[in-house]
Amino acid sequence: MFDTDSDQRPMFDVAIVGAGLAGLYALHRLRGLGLRVRAFEAGSGIGGTWFWNRYPGARCDVESLEYSYSFSEDLQQEWRWPERYGTQPEILRYINHVADRFDLRRDIQLDTRIRAATYDRAANQWTLRTERGETVTARFCVMASGNLSTPRVPDLPDLDRFQGKWYHSGLWPSEPVDFSGQVVGVIGTGSSGVQMIPIIARQAKRLYVFQRTANFSLPARNAPMRPETERRHKASYRERRLAALDTPFGIAGHPPPTKSALDASPEERRQAYEAKWEEGGSISFLYAYTDLLVNKAANETASEFVREKIRATVQDRTVAELLAPKDHPIGTKRLCLDTEYYETYNRDNVTLVDVRRAPIAELTPSGLRTREREYALDSIVFATGFDAMTGALREIDIRVEGGLSLADKWAAGPTTYLGLMVAGFPNMFVITGPGSPSVKTQMIASIEQHTDWIAGCLAHMRAGDFTRVEAEARAEGDWVRHVNEVAEATLYPLANSWYLGANIPGKPRVFMPYVGGFHVYKQKCDAVAANSYDGFAMTR
Ligand code: N01
């Protein structure tokens, strides 16, 4: 489509890396422009995050009527979500349905991990090399490789010494794992740990939870989908999706707060937080007042409310204090949503181990040893997270022939223009990349917004006979500064979170997502497009 001379043209107009929610929509959308597109997926099935994260209790923490594609009114009307929050199997079923319904599979190559991507300036094309050594050429490359798709186990010596079985939440086996009768250790208490711990506790003979940092968690209040809720939502689905574009998180139905937490009386605050606690969900809670994420004193009122809830739930006072987070303001690490997480610590077969005080030193043949003592375990579950936002991109050797590699360019932290492109790497787009709101939003809304922007850009290029687009270094520098300034005006940098790369030893500490709000970001992207793609250099 971009080349009239068929001898010279690359195999594809667009190569997409990844066939999760982002890759699938990109395939559908760009194929709709008449482009020759192919998606390459490392997994043996499609679904990305929802293919790999099959751990017990895996469930989305955004409500299913929101966490779904909006691009097809028929699709959103037809699909029935059985519960308020989708389970991993249900979401994977939905993704597979979408692939069939829109005939996507014929352009997806599974079991194909991309190891390298090299841009050749003279030929103006990307060459992608797979793990098996095959090569593929494309004019454009779209990285839909995910933000939380590079699982990370701690740097402990001799993981293989352990004679039992170990698992990572993000690399869960496809066959069910039964912990009945076992002594199990779960390491990590982020969203994954918080979801799996109550379920493993019910199965295992004994569960040790190895906690380094206590996390705030709110009740999800999951429930079967109420027919009336579904009917009402679907009656105005289109309007709700449009309204969501004008919100900071890409989710409609949460009226913006109007008041500072510090302007409310203690009793008024208690009632407001209590109502949000009962309602369930994290957005609603953090949206109780205008300043919970920007003012420490305001935040402390919400943090303390949740700590009090933990103290009221967990019977053992020492355990309750260990579970009550005190080292970061609520919401500055990703808030967890749970079902009976804190209640689980009242079970006789569950022990919380403080590995902040006595870190894990090593795995042993029969379990693990902290600096204090050894724990005999049949299975170990690492719920230890991911090399977030940049991990999947850095795993691929991305470079410009005879020039810089992306890993070198990002040695001091990721830089992008709008999270969409990296200066120096022409014709490579990133979906929900660092510098975009991505993980701070309803991800599918961000995925659709990014992909639509990329589709608009490619259509513009085709109309103007442009074949190369590249972010300008000046625009990239300005954007990176803006992303940092916005983050610095919030409380987010106060937490040692994966948003900041703090969970990976040696990773540069740069706040990666854009926290100015999805709506603000979208307006900026639209303005750039309307202004002839200001900040992007296009050549013929
Ligand atoms: O990973 P995490 P996750 N010794 O990085 C601990 C999304 N998600 O997989 O905080 C001991 O949050 C680590 O401790 P610390 C969501 O965006 C969504 O749980 O680094 N502990 C932390 O407790 C989420 O934020 C959903 O001190 C070690 C934990 O492991 C993101 O994915 C569900 C350790 C890692 O927590 C990642 O969540 C699941 C060590 N050596 C995930 N190393 C939903 O939609 C690490 N830890 C609901």
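Our structure's up above, just so we're on the same page.
Since the model is a prediction, treat every value here as computed from it, not as a measurement. (Residues numbered from 1 in each chain as written. Predicted model: local features only at pLDDT ≥ 70, side-chain atom pairs only at ≥ 80, totals over all residues. Heavy atoms only, no water.)

Caption draft 1: Up close: the overall build of the protein chain. Helices and strands together make up the secondary structure of the protein chain, namely 17 helices and 22 strands. On the principal axes, the C-alpha backbone points of the protein chain span a range of 75 × 55 × 45 Å. Taken over 540 residues, the protein chain has a buried fraction of 59%. Considering only intrachain contacts with a sequence separation of at least 6, the fraction spanning at least 24 residues in the protein chain is 73%. As displayed, the protein chain has an accessible area near 22,000 Å², and 49% of this comes from carbon and sulfur atoms. Across the protein chain, 65 positive and 67 negative side-chain charges occur, with their mean positions spaced 1 Å apart. (Helix = DSSP H or I, 4+ residues; strand = E, 2+ residues; numbered from the N terminus. Buried < 20%, exposed > 50% of the residue type's maximum accessible area, 1.4 Å probe, protein only. Contact = heavy atoms within 4.5 Å. Areas by Shrake-Rupley, 256 points an atom, 1.4 Å probe, with all protein chains shown as cover. Lys, Arg positive; Asp, Glu negative; His and termini not counted. Charge placed at Lys NZ, Arg CZ, Asp CG, Glu CD.)

Caption draft 2: Quick peek at empty space enclosed by the protein. Counted under the stated rule, the structure contains 4 cavities of 30 Å³ or more. In this model, the largest cavity occupies a volume close to 90 Å³. Forming the walls of the largest cavity are Pro-414, Thr-415, Thr-416, Pro-434, Gly-435, Trp-479, Val-480, Val-483, Asn-484, Val-510, Phe-511 and Met-512. Residue classes in the lining of the largest cavity are distributed as 8 nonpolar, 4 polar and no charged. (1 Å grid on protein atoms, 1.4 Å probe; cavity = no way out; pocket = protein on both sides within 12 Å on 5 of 7 lines; lining within 4 Å. Points joined across faces, edges and corners; volume = space filled by probe spheres on them. Nonpolar A, V, L, I, M, F, W, Y, C, P; charged D, E, K, R; others polar.)

Caption draft 3: Structural view of helix α4 (residues 88-101). With 14 residues, α4 ought to run about 20 Å at 1.5 Å a step, and its terminal C-alpha atoms sit 20 Å apart, in line with that. All of the buried residues along α4 are Gln-88, Glu-90, Ile-91, Leu-92, Tyr-94, Ile-95, Val-98 and Ala-99. Looking at the buried positions of α4, the neighbouring elements they touch are α1 (21-31), α2 (49-52), β3 (59-63), α3 (73-78) and β4 (85-87). In the stretch just after α4, Asp-103 is the one whose phi turns positive, near 55°. (Expected span 1.5 Å × (residues − 1).)

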